[in-house]
Amino acid sequence: MKPKHKAQAGTFESSDIMVLIEPINDGEENSIELSSNVGKHFSQQIKNAINQVLEAYDISGVHLIAKDKGALTPTIKARVETAVKRSLDMQKGTLQ
């Protein structure tokens, strides 16, 4: 599935992650832009958690920006899932 519009979830608070998802051109692969204060040690685990949610929803053609402040894996997955649902109009969000 491809998102219909931009959506976001999360905050910039400590132990949280801000996720912004936006559709990109058809045929382009998903791109993940990650900035994290723990990225030196955990960037691959964070990207894996993000990709697990995108794959679970069969999402393609998105640019995902994640600004992590030390969120745990369940929080990362919940924020990505919320952003995905908002971008598919399955849930209301702040960008609408």
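Quick note: structure is the one above.
Residues numbered from 1 in each chain as written. Predicted model: local features only at pLDDT ≥ 70, side-chain atom pairs only at ≥ 80, totals over all residues. Heavy atoms only, no water.

Enquirer: Just to check I follow, could you spell out the nonpolar core for this structure?
Expert: The nonpolar side chains of a soluble globular protein tend to be buried, and buried together. The biggest cluster of nonpolar side chains holds 21 residues, and the ones touching the most others in it are I21, I50, L54, L64, I76, V80 and V84. At the level of secondary structure, the elements contributing two or more residues to this core comprise strand 1 (7–9), strand 2 (17–23), helix 1 (39–56), strand 4 (62–68) and helix 2 (73–87). Looking at this core, the element that brings in the most residues is helix 1, giving five residues. Dropping the residues within four chain positions of it, L54 is found in contact with I21, N30, I59, V62, L64, V80 and V84. (Core = buried A, V, L, I, M, F, W, Y, C linked by side-chain atoms within 4.5 Å. Buried < 20%, exposed > 50% of the residue type's maximum accessible area, 1.4 Å probe, protein only. Helix = DSSP H or I, 4+ residues; strand = E, 2+ residues; numbered from the N terminus. Contact = heavy atoms within 4.5 Å.)

Enquirer: Looking at this structure, how should I read the environment of N37?
Expert: Summarising the element assignment, N37 is placed in the loop between strand 3 (31–36) and helix 1. Spatially, the C-alpha atoms of N37 and K67 are 8.8 Å apart, while their sequence positions differ by 30 residues. For N37, the contacting residues outside a window of four places in its chain are D68, K69 and G70.

Enquirer: Please explain the packing of helix 1 against helix 2 as it appears in this structure.
Expert: Packed helix pairs are characterised by how far apart their axes lie and by the angle those axes make with each other. Where helix 1 meets helix 2, the closest approach of the two axes is 9 Å, and the angle between their N-to-C directions is 40°. When the interaxial angle is binned, helix 1 and helix 2 end up oblique. In terms of crossing hand, the pair formed by helix 1 and helix 2 is right-handed. Together, I46, A49, I50, Q52, V53 and L54 of helix 1 and T73, I76, K77, V80, E81 and V84 of helix 2 make up the contact between the two elements. Of the residues in the contact of helix 1 with helix 2, the class split is eight nonpolar, two polar and two charged. (Axes fitted to C-alpha atoms, helices over the stretch in contact; angles between N-to-C directions. Parallel < 35°, antiparallel > 145°, perpendicular 65-115°, else oblique. Left-handed = near helix turned anticlockwise from the far one by under 90°. Nonpolar A, V, L, I, M, F, W, Y, C, P; charged D, E, K, R; others polar.)

Everything listed here is a matter of coordinates, which is why it stays silent on function.
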